[in-house]
Amino acid sequence: MRIPLFALILAILPATASAQQLANRLFGAHPMPSLQGPEAIGSYAKGCAAGLVRLPETGPTWQAMRLSRNRNWGHPEAISYVQDLSRKAVQIGWNGLYIGDISQPRGGPMTSGHASHQIGLDIDIWMLPPRRLNLSAAERESISSISVRTEDQRSVNSNWSRQHHELLRQAALDPRVDRIFVAAAVKIEMCKTATRADTPWLQKIRPAVGHNYHFHVRLRCPQGNRNCVTQSPTVAELSNGGNGCDETLQWWVTDFLNPPRRERTEEPAPRQRHPREYTMADLPAQCQQVLASN
Ligand SMILES: [Zn+2]
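Residues numbered from 1 in each chain as written. Predicted model: local features only at pLDDT ≥ 70, side-chain atom pairs only at ≥ 80, totals over all residues. Heavy atoms only, no water.

Novice: Just to check I follow, could you spell out the environment of Ser293 for this structure?
Specialist: Within the fold, Ser293 resides in the segment after α10 (286-292). Residue classification places Ser293 among the buried positions, given a relative accessible area of 15%. Taking the C-alpha atoms as reference points, Ser293 and Gly51, separated by 242 residues in sequence, lie 9.9 Å from one another. Not counting the four nearest positions on each side in its chain, Ser293 is found in contact with Ser34, Leu35, Gln36 and Arg106. (Helix = DSSP H or I, 4+ residues; strand = E, 2+ residues; numbered from the N terminus. Buried < 20%, exposed > 50% of the residue type's maximum accessible area, 1.4 Å probe, protein only. Contact = heavy atoms within 4.5 Å.)

Novice: Can you help me understand helix α6 (residues 184-191) in this one?
Specialist: Two residues of an α-helix separated by three or four positions point the same way, owing to the 3.6 residues in each turn. Most of α6 is tucked away: seven of the eight residues are buried. For α6, the full list of buried residues reads Ala184, Ala185, Val186, Lys187, Ile188, Met190 and Cys191. Those residues of α6 that are buried are in contact with α5 (162-173), β9 (177-182), α7 (199-202), β10 (205-207) and α9 (245-257).

Novice: Help me understand the pattern of salt bridges in this model?
Specialist: Pairs may arise between side chains of opposite charge once their charged atoms sit close together. Applying the stated criterion across every chain, the model contains eleven salt bridges. Arg69 is the salt-bridge partner of Asp101, the closest N and O atoms lying 3.0 Å from each other. Placement of the pair is Asp101 in the loop between β7 (97-99) and β8 (122-126) and Arg69 in the loop between β5 (62-64) and β6 (73-74), with a sequence separation of 32 residues. For Asp101, a relative accessible area of 5% corresponds to the buried category. A relative accessible area of 41% means that Arg69 is categorised as partly exposed. Its salt-bridge partner being Asp84, residue Arg87 comes within 2.7 Å of it at the nearest N-O pair. Of the two residues, Arg87 and Asp84 are both situated in helix α3 (residues 76-91); the distance of three residues between them amounts to about one turn of the helix. Classification of Arg87 as partly exposed rests on a relative accessible area of 42%. Through salt bridges that share partners, Asp84, Arg87, Asp174 and Arg176 make up one connected network. (Salt bridge = Lys/Arg side-chain N within 4 Å of Asp/Glu carboxyl O.)

Novice: What exactly am I supposed to notice about the side chain of Gln83 here?
Specialist: Mapped onto the fold, Gln83 is located in helix α3. A residue is classified by how much of its surface remains accessible, and Gln83, at 18% relative accessible area, is buried. In this view, Gln83 contacts Leu55, Pro56, Thr61 and Trp62; residues no more than four positions away in its chain are not counted.

Novice: Is there a simple way to think about the side chain of Arg106 in this case?
Specialist: Structurally, Arg106 can be placed in the loop between β7 and β8. Among residues more than four places away in sequence, those in contact with Arg106 are Phe27, His30, Met32, Pro33, Ser34, Cys48, Ala49, Leu52, Val290, Leu291, Ser293 and Asn294.

Novice: I keep staring at the packing of aromatic side chains and nothing clicks. Help me out?
Specialist: Where two aromatic rings form a pair, the distance of their centres and the angle of their planes describe that pair. For the structure shown, the criterion picks out four aromatic pairs. When the ring of Trp251 is compared with that of Phe256, the centres are 5.8 Å apart and the planes differ by 25°; the resulting orientation is stacked. Taken together, Trp251, Trp252 and Phe256 form an aromatic cluster joined through their ring pairs. (Phe/Tyr/Trp six-rings, centres within 6.5 Å; stacked < 30°, edge-to-face > 60°.)

Novice: For this particular structure, what's the right way to read the packing of α6 against α9?
Specialist: Contact pair α6 / α9: the axes reach a minimum separation of 10 Å and the direction vectors enclose 145°. Read as a crossing pair, α6 and α9 show a hand that is left-handed. In contact with Ala184, Lys187, Ile188 and Cys191 of α6, α9 contributes Cys245, Thr248, Leu249, Trp251 and Trp252. When grouped by side-chain class, the residues that make up the contact of α6 with α9 number seven nonpolar, one polar and one charged. (Axes fitted to C-alpha atoms, helices over the stretch in contact; angles between N-to-C directions. Left-handed = near helix turned anticlockwise from the far one by under 90°. Nonpolar A, V, L, I, M, F, W, Y, C, P; charged D, E, K, R; others polar.)

Novice: What exactly am I supposed to notice about α3 here?
Specialist: Its 16 residues place the ends of α3 23 Å apart at the C-alpha level, agreeing with the 22 Å of an ideal helix rising 1.5 Å per residue. Regarding α3, the residues found buried are Ala78, Ile79, Tyr81, Val82, Gln83, Leu85, Ser86 and Ala89. Backbone geometry just downstream of α3 places Gly93 in the positive-phi region, at approximately 110°. (Expected span 1.5 Å × (residues − 1).)

Novice: Would you take a moment to explain the nonpolar core for this structure?
Specialist: Counting 45 residues, the largest nonpolar core has Ile99, Ile123, Leu168, Ile180, Val186, Phe215 and Val217 as its most contacted members. Residue contacts for Ile99: discarding those within four places in its chain leaves Leu55, Trp62, Gln63, Ala64, Met65, Val82, Ile123, Asp124 and Ile125. Counting eleven residues, the second-largest nonpolar core is a separate cluster that includes Cys48, Ala50, Met280 and Leu283. (Core = buried A, V, L, I, M, F, W, Y, C linked by side-chain atoms within 4.5 Å.)

Shown next as structure tokens:
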């Protein structure tokens, strides 16, 4: 007798979920960081973080947004990066930066949203130039960022400015940065004026789905964090030593806007588990101590 697939799934799901608690519940329940030395553990989408510090909710050149999420925690290197970049934002004519999600107090998989942001080294920065830096907590929940891309996703819109370009350039020039995710339309726009001198930083700017309301900075593993896993392939490998502009266009036109049709005989791609489904067994063993620490 054939058992319908959904019946099988229903039969299996409750058993596995109760056998092992989901990691995102455990990490999501901690309001404070672990009392340990700062360390990024594991990889950006499968890990946790010890000794994170909080980005102050308001500083002279930044405000953290959506405070209710309690995701303004990062590795000390990420926090100083944000503060440094916000000062550069002032130099290019903005009032500063509105900062979106970084990590939960102990990193780890999140209860909603991002697959990554787990090790205190991923930072979302709003495309909206701050009008003021004295927003109330309530305003920080209700204000929305702006999209810098057209509805058809093919190009940047009138919200895009020279300052956005300069801010992203400054963001990528920093040696602490591994890569920055932006909407493909943004990268393609930035490629229009690219010279050879732009190559080292422009290759770090990578096209990604979404990322039109914010850009996403990913820092390298901090020195001495031996349990931190760098992302592979590296940006240099991805862009073949060039600035990545050709690859971006190709990815965008062929894979995203016109995804290649699968042959009938081809096996369906195996479903990848989302980090929300991870249990502690999926994460590096050190994450147990991060959870257990005071
Ligand atoms: Zn992000």
